[in-house]
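One-letter residues, chain by chain:
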Amino acid sequence: MADNNFIDYVKIYVRSGKGGAGSAHLKREKYRPKAGPDGGDGGKGGSVIVKGNKQFWTLLHLKYQKHIFAEDGVAGMRDMWHGSDGKDVIIEVPLGTVARDGETGEFLFEITTDGEEQILAKGGRGGLGNVHFKSATNQTPRFAQPGEECEEGWKILELKVLADIGLVGFPNAGKSTLLSSISAARPKIADYPFTTLVPHLGMVSVDNKHSFVMADIPGIIEGASEGKGLGLRFLRHIERNPLLLFLVPADSDDVARDYQILLDELGKYNPELLDKHRILAVSKCDLADEEIKADIEKKLPKDVPHFFFSSYSKEGIKQLVYGIWELLEKEQPQELPQEKVAPRVIDAKEYYESFGKNFENETTRPNFEEK
């Protein structure tokens, strides 16, 4: 698929449905002129729901759909007829999608499993008809409950790809070549900078039983935090990776200095990225003899595991893959990293299961309007 089909950020305007108003109808028949209240309840408004779909990998389908509205609930009617519920709108998104408030940027929820549903905008509950308010002291209530208002506003959906290890390096460092040589991924490879314009994922097989997912993001350059090159917009895709693999080519003027530049750019984007476990891999080592490799190794930081490899000659590839797996197996967290501040999250299933109970509780509220 073409690179321009990868969309990882959209801003949409969503509106749930209003709850239908309850009816304040009083029944009158030929032989029962004062039969009493028979107003039905209003239907609930539809909700806007976000659902995870493992078959999706981009937010492209939402790029040109800026406004998403759910149906309003229908008002209640005579003879205790319940108004129809408004239809929900379900937005399917890739796993790893984060939802935020469009005005404040506040974190709302994230979708991490296939079929998971979260409510982005909750539909209003329908109002109670006047039949609910009949009592010994008020046998002909002429009021009913109005439906609840809808929720609406701008929301942001941003995709953070789910992978075990993220590749970090300058343009033409050999990231895409490495990914294509150890997985079935086929990112674009060429001898000019910025051939990778969107993230790519590859499943890397360690042996017959084990594998891990590697993410290749577009190369960053010195000054990326100031908007140079492609900037840092794609670094969100490695925020969840428990391990980062830094690639610096052997023909670099100073491998240690380039590694430090990459670290500095990551720190300017998100200081927490510096707390992740790291591996330094020197690529294109087929261009360097043993003397050059020894000279490079002397200058490498001692606190970071390092490997020499060549995607062209396959030298050191197996050692690199096994080294990555050993560190992943040792250090990988048990749960996916979550946002630090997570306000109330409404789960669609729980909401609908508890709807009846909440609905009945509304009878005690004095929020009634006479019709």
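Quick look at the structure, then. (Residues numbered from 1 in each chain as written. Predicted model: local features only at pLDDT ≥ 70, side-chain atom pairs only at ≥ 80, totals over all residues. Heavy atoms only, no water.)

Structurally, R257 can be placed in helix α2 (residues 255-269). R257 sits in the partly exposed class, given a relative accessible area of 41%. Each C-alpha atom, one on R257 and one on L300, is 9.1 Å from the other, the two residues being 43 residues apart in sequence. (Helix = DSSP H or I, 4+ residues; strand = E, 2+ residues; numbered from the N terminus. Buried < 20%, exposed > 50% of the residue type's maximum accessible area, 1.4 Å probe, protein only.)

Okay, the nonpolar core next. The biggest cluster of nonpolar side chains holds 25 residues, and the ones touching the most others in it are F246 and L266. Counting residues per element, the ones that place at least two in this core are β15 (243-249), α2 and β16 (277-283). Residue contacts for F246: discarding those within four places in its chain leaves V168, Y259, L262, L263, L266, R278, I279, L280 and A281. If you look at the next biggest cluster of nonpolar residues, it comprises 24 residues, including L167, L179, V206 and I324. (Core = buried A, V, L, I, M, F, W, Y, C linked by side-chain atoms within 4.5 Å. Contact = heavy atoms within 4.5 Å.)

Here we take up the packing of aromatic side chains. According to the stated counting rule, one finds four aromatic pairs in the structure shown. Measuring from centroid to centroid gives 6.4 Å for Y13 and F69, while their planes differ by 85 degrees, and the two rings are edge-to-face. One end of the pair, Y13, is in strand β1 (residues 9-15); the other, F69, is in strand β5 (residues 67-69), and 56 residues separate them in sequence. Accessibility expressed as a relative area gives 38% for F69, which makes it partly exposed. Taken together through their ring pairs, the aromatic side chains of Y13, F69 and W154 make up a single cluster. The side chain of R15 reaches across the aromatic face of F69, ending 3.9 Å from its centre. (Phe/Tyr/Trp six-rings, centres within 6.5 Å; stacked < 30°, edge-to-face > 60°. Lys NZ or Arg CZ within 6 Å of the ring centre and 35° of its normal.)

On to the pairing of strand β12 (residues 165-169), then. Among the five residues in β12, five count as buried, and that is most of the element. Every second residue of β12 is oriented toward a common face, with I165, L167 and G169 on one face and G166 and V168 on the other, all of them buried. Bridge analysis of β12 against strand β14 (residues 211-216) gives three bridges, and the strand direction is parallel. Opposite L167, over in β14, you have D216 as the bridge partner. In this structure, β12 lies alongside β15, joined through five bridges in parallel fashion. (Pairing = 2+ DSSP bridges.)

Reading across from one edge, β5-β1-β11-β7-β8 is the order of the five strands in this open sheet, with mixed pairing throughout. Strands at the two margins of the open sheet, each flanked by one partner only, are β5 and β8 (107-111). Strand-to-strand twist in this sheet, taken as the mean axis angle between neighbours without regard to direction, amounts to 30 degrees. Bridge count for strand β7 (residues 97-101) against β8 is four bridges, and the pairing is antiparallel. (Axes fitted to C-alpha atoms, helices over the stretch in contact; angles between N-to-C directions.)

That's the geometry; what it means functionally is another story.
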